[in-house]
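# Architecture and fold: a report
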Amino acid sequence: MGLQVGIVGLPNVGKSTLFNAVSAAGAEAANYPFATIEPNVGVVAVPDVRLDTLARLASSARVVPTSVEFLDIAGLVKGASRGEGLGNQFLSHIREVDAVVHVVRCFDDPDVVHVDGSVDPVRDIEVIETELLLADVATVEKRVDRARRAARTGDKAAVREADVVAGLLAHLESGAPARTFTADEEERAVYRDLGLLTAKPVLFAANVGEGDLAAGGNDHVEAVRKIAEAQGSEVVVLAAEAEAQIAELPPDERSEFLADLGLERSGLDKLITAAYRLLGLLTFFTAGPKEARAWTVRRGTKAPRAAGEIHSDIERGFIRAEVIAYDDYVALGSEQAVRDAGKLRVEGKDYLLRDGDVVHFRFNV
C-alpha cells in the first residue's frame, strides 16, 4: 500500500532540512519563509533488519524494502485558513496525506530567524492547529448548510446526515480536532469525504540541536511532550541537521556517527517506526532465491487482501497462504527446515496477517 506522510510546521522550523535527510531529494532549505511552495516528494525506504536477515538466509538475489512517501509541505503561518502566505494552496496538500508529521522548533539559534521572533513550541503548535481547525470549520459549515436544506424534505438519511455534521461542527467550534469526534463507522461515513485536516493522525517531531540529542531533549521538548500526551500523540526527538549529515554518510559509517552522538538509532528510523504505530501498519515478507521483499498492510488485513498488495490476480485467485513466523524462519535457518519441523502454517481467506509473517500465497486464475 502507498503510505503518504506530510511534513508540516511553521517556516524555518527545519522541515525541508529534515526532508532532505529522510529522502535525499535535495529540497531547498533556505533561511526565509516560503522557500517551499509546491510540495517536494521523496520516497524513503523503511529500514528493517529482518528483511536483510531473510535475504541472507534465502540467498535472495535482490532485496526490496517497503517504503514511505514523504511530502515536504510549505510552512504555514497565522491566517493560512484565510489564504495568508498562500495558505489555501498549502492546506490542500495536507488533505492528500495519510498522516501528518508536525515539526516543532525546539532549538535556539540567533542565526536562524523565527517567523514570530522567538522560539515557543506551545505557541507554534497552537498556530498550526488553529489554522487547520479553522479550515475544517469552514468546510463543515458548508456541508451543514447543504445537509439542512436536504433534511427539509423529510428524508431520513438526509436528517441523519444533518444531525451528524451539526454535531461535528459543534465539536470543531469547541476547539477539538475532528480525530477526537466520537462517531460510529456509519456516522464517520457521512463526513469521510470532506478530507478534514484535523482528522489526520499527528506525530510531533521535536527538532533540537545536536547537543540535546543524547539527553533526549530539553525544556522546549518537554512542553511538546505535554501537548502530545494530552492529545494521545507521540513525540520523536531528532536533530534535522544531524539527520542530513547521517544521510550523506555511507551505510557502514553511520553507526559510528550515531555512537558519537550518543544514539543507537537515527531520527529517521524512529520517525518511520512511530508513523507505523500511528497508522496501525504492519510488515510482512516474501522471500526466495530471486527476491526478498517487504510489504506494508494495515493491522486487521486478511490474507487475500494482503495478497492483492503483490498482485490483483493473486487476490482474485487466492487459494491459501503458507505462513512462517519470522522467528521460526531465523531459528531454523531456511524455509525447507521450517517445513521439515512442521512449523509452516497453512491459512485460509480469514487469516489476519501478523507483523513479521513470511508468506507464500497459493492462487489460481
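As a starting point, this report considers the structure included with it. (Residues numbered from 1 in each chain as written. Predicted model: local features only at pLDDT ≥ 70, side-chain atom pairs only at ≥ 80, totals over all residues. Heavy atoms only, no water.)

Before going further, it helps to spend a moment on the sheet that holds strand S5 (residues 99-105). The strand order across the open sheet formed by 6 strands is S2-S4-S1-S5-S6-S7, and the pairing between neighbours is mixed. Whereas interior strands pair on both sides, the edge strands pair on one side only; in this sheet they are strand S2 (40-45) and strand S7 (234-238). Strand-to-strand, the axes of this sheet are offset by a mean angle of 25°, without reference to chain direction. Here S5 runs beside strand S6 (residues 202-207); their pairing, made up of 6 bridges, is parallel. If you follow Arg105 over to S6, its bridge partner there is Asn207. (Pairing = 2+ DSSP bridges. Helix = DSSP H or I, 4+ residues; strand = E, 2+ residues; numbered from the N terminus. Axes fitted to C-alpha atoms, helices over the stretch in contact; angles between N-to-C directions.)

This part is about the pattern of salt bridges. Across all of its chains, the model carries 21 salt bridges by this definition. Between Asp355 and Arg50 there is a salt bridge; the shortest N-O distance is 3.0 Å. With a gap of 305 residues between them, Asp355 in the loop between strand S11 (345-347) and strand S12 (358-363) and Arg50 in helix H2 (residues 49-57) connect regions that are remote in the sequence. For Arg50, a relative accessible area of 18% corresponds to the buried category. Put simply, Asp124 and Arg123 hold a salt bridge, and the shortest N to O gap is 3.1 Å. For Asp124, a relative accessible area of 3% puts it in the buried group. Overall, the relative accessible area of 23% leaves Arg123 in the partly exposed class. (Salt bridge = Lys/Arg side-chain N within 4 Å of Asp/Glu carboxyl O. Buried < 20%, exposed > 50% of the residue type's maximum accessible area, 1.4 Å probe, protein only.)

Attention shifts here to the pairing of strand S4 (residues 67-72). In this structure, strand S1 (residues 4-8) lies alongside S4, joined through 4 bridges in parallel fashion. In the strand pairing of S4, Gly6 is matched with Leu71. Bridge analysis of S2 against S4 gives 6 bridges, and the strand direction is antiparallel. Opposite Val41, over in S4, you have Leu71 as the bridge partner.

Our next topic: the environment of Ala244. Along the polypeptide, Ala244 turns up in helix H8 (residues 240-248). A sequence separation of 226 residues divides Ala244 from Leu18, and the C-alpha atoms of the two residues are 6.8 Å apart. If sequence neighbours within four positions are ignored, Ala244 has contacts with Thr17 and Ala21. (Contact = heavy atoms within 4.5 Å.)

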